[in-house]
Amino acid sequence: MDFVSIRIITGDVARLVAFYERATGARAAWATEDFAELRTGGATLAIAGTRTVPLFAPGCTRAADNHSVITEFLVDDVDRVHRNLTGFVTDFVNGPTTMPWGNRSLLLRDPDGNLVNFFTPVTPAAIEKFARSGQARPVTRDS
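Residues numbered from 1 in each chain as written. Predicted model: local features only at pLDDT ≥ 70, side-chain atom pairs only at ≥ 80, totals over all residues. Heavy atoms only, no water.

1. Focus: the overall build of the protein
Rule in force here: Think of it this way: any DSSP run of H or I at least four residues long counts as a helix, any run of E at least two long counts as a strand, and we number them from the N terminus. C-alpha atoms define the radius of gyration in this analysis, and the globule rule sets the expected value at 2.2 Å times the number of residues to the power 0.38. Only heavy atoms enter the contact rule, under which two residues are in contact if any of them lie within 4.5 Å. For every accessible area listed, the method is Shrake-Rupley and the probe measures 1.4 Å; residues are considered covered only by the protein chains on display. When charges are tallied, Lys and Arg are placed among the positive residues and Asp and Glu among the negative ones, while His and the ends of the chain are skipped. To locate a charge, the coordinates of NZ of Lys, CZ of Arg, CG of Asp or CD of Glu are taken.
Helix and strand content of the protein: four helices and eight strands. In sequence order, the protein lays out its α and β elements as β-α-β-β-β-α-β-α-β-β-β-α. Here the C-alpha atoms of the protein give a radius of gyration of 15 Å, agreeing with the 15 Å that 2.2 N^0.38 yields for 143 residues. Seen through its C-alpha atoms, the protein measures out along the principal axes to roughly 45 × 40 × 25 Å. A fraction of 54% describes how many contacts in the protein between residues 6 or more apart in sequence connect residues 24 or more apart. For the protein, the computed accessible surface area is about 8200 Å², with 53% contributed by carbon and sulfur atoms. Computed over 15 positive and 16 negative side-chain charges, the inter-centroid distance for the protein is 2 Å.

Structure follows, in structure tokens:
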């Protein structure tokens, strides 16, 4: 089994897609006005409108109501990502901080309030962990 994507349900697909395109540098592939995907080397971030929910089960999700999931992106330089997103992101939860497990992390909220973590492994153990996992090629966020 392979984990391939996470889907965010939103009331404003275009706004959330624009946010993630700007934040990650990835471009979305649109299937319909209610569904787009941003593909990275390791997984896909799918963004779908509330009109898609009844296709699964009416009322099974609520847009902008996440209180337990953090979407994470491995990047080559989290401090540069922070500088690039300053002035664009309106809700930084925590600036770049080196965590006890060896990642330097930047935690923020997207326009729907979902938590997003950009991180760079900085200790030898963390760097080795991501090299072994096949996730050694981080998302590059240059602009």
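2. Observations concerning the sheet that holds strand 7 (residues 103-109)
Definition in use: The pairing criterion for strands is at least two bridges between them, as found by DSSP. To get an axis, a line is fitted to the C-alpha atoms, and for a helix only the part in contact is used. The angle between two axes follows their N-to-C directions and goes from 0 to 180 degrees.
An order of 5-8-7-6 is seen for the four strands of this open sheet, with the pairing classed as mixed. This sheet does not close on itself; its edge strands, each paired only once, are strand 5 (70-74) and strand 6 (92-98). Recorded for the sheet is a direction-independent mean angle of 15° between the axes of neighbouring strands. Examined bridge by bridge, strand 7 and strand 8 (residues 115-121) share seven bridges and lie antiparallel to one another.

3. Thoughts on helix 1 (residues 13-24)
Given 3.6 residues to a turn, an α-helix orients residues that are three or four positions apart in the same direction. Here is the rule: Residue count minus one, scaled by 1.5 Å, sets the expected span of a helix. Three labels apply to residues, based on accessible area from a 1.4 Å probe with only protein chains included: buried if under 20% of the type maximum, exposed if over 50%, partly exposed otherwise in between.
When the terminal C-alpha atoms of helix 1 are compared, their 16 Å separation across twelve residues agrees well with the 16 Å that a helix rising 1.5 Å per residue should span. Among the residues of helix 1, Val13, Leu16, Val17, Phe19, Tyr20, Glu21, Ala23 and Thr24 are the ones counted as buried. Gly25, located one to two residues past helix 1, shows a positive phi value of around 80°.

4. Some remarks on the packing of aromatic side chains
Put simply, the test is: Only Phe, Tyr and Trp rings are paired, with Trp represented by its six-membered ring, and only when their centres lie within 6.5 Å; those with planes under 30 degrees apart are stacked, over 60 edge-to-face, the remainder tilted.
Applying the stated criterion to the full structure yields five aromatic pairs. Ring geometry for Phe119 against Phe130: centres 5.2 Å apart, planes inclined by 50°, an arrangement best described as tilted. Of this pair, Phe119 sits in strand 8 while Phe130 sits in helix 4 (residues 124-132), and the two are eleven residues apart along the sequence. In this pair, the class of Phe119 matches that of Phe130, namely buried.

5. Examining the side chain of Thr52
Heads up, the rule is: Here a polar contact is taken to be a pair of N or O atoms separated by no more than 3.5 Å, where protein atoms must pair a possible hydrogen donor with a possible acceptor and residues adjacent in sequence count only if both atoms sit in side chains.
Counting through the fold element by element, Thr52 comes out in the loop between strand 4 (44-49) and helix 2 (53-56). According to the relative accessible area criterion, Thr52 is buried, its value standing at 10%. There is a polar contact of 2.7 Å between the side chain of Thr52 and the backbone oxygen of Gly49. In this view, Thr52 contacts Ile9 and Asp34; residues no more than four positions away in its chain are not counted.

6. Regarding the nonpolar core
Test applied: Here the nonpolar core consists of buried residues drawn from Ala, Val, Leu, Ile, Met, Phe, Trp, Tyr and Cys, with membership extended through side-chain atoms lying within 4.5 Å.
Judged by nonpolar contacts, the single largest core of 23 residues is most densely connected at Tyr20, Ile47, Leu108 and Phe118. Those residues in contact with Tyr20 that lie beyond four places of it in its chain are Ile8, Gly25, Leu38, Leu45, Ile47, Phe73, Asp110 and Val116. Counting residues in each nonpolar core, the second largest holds five residues, with Phe35, Ala46, Ala48 and Val53 among its members.

7. Overview of unusual backbone geometry
Comment: phi is negative for the bulk of residues other than glycine, and the bulk of peptide bonds are trans. Not every positive phi belongs to a glycine, and Ala64 is a case in point at roughly 55°. Here Ala64 shows up in the loop between helix 2 and strand 5.

8. Focus on the environment of Thr32
Here Thr32 lies in strand 2 (residues 28-32). With a relative accessible area of 45%, Thr32 lands in the partly exposed category. When the C-alpha atoms of Thr32 and Gly49 are compared, they prove to be 9.9 Å apart, with 17 residues separating the residues in sequence.

The analysis is restricted to geometry; functional conclusions fall outside its scope.
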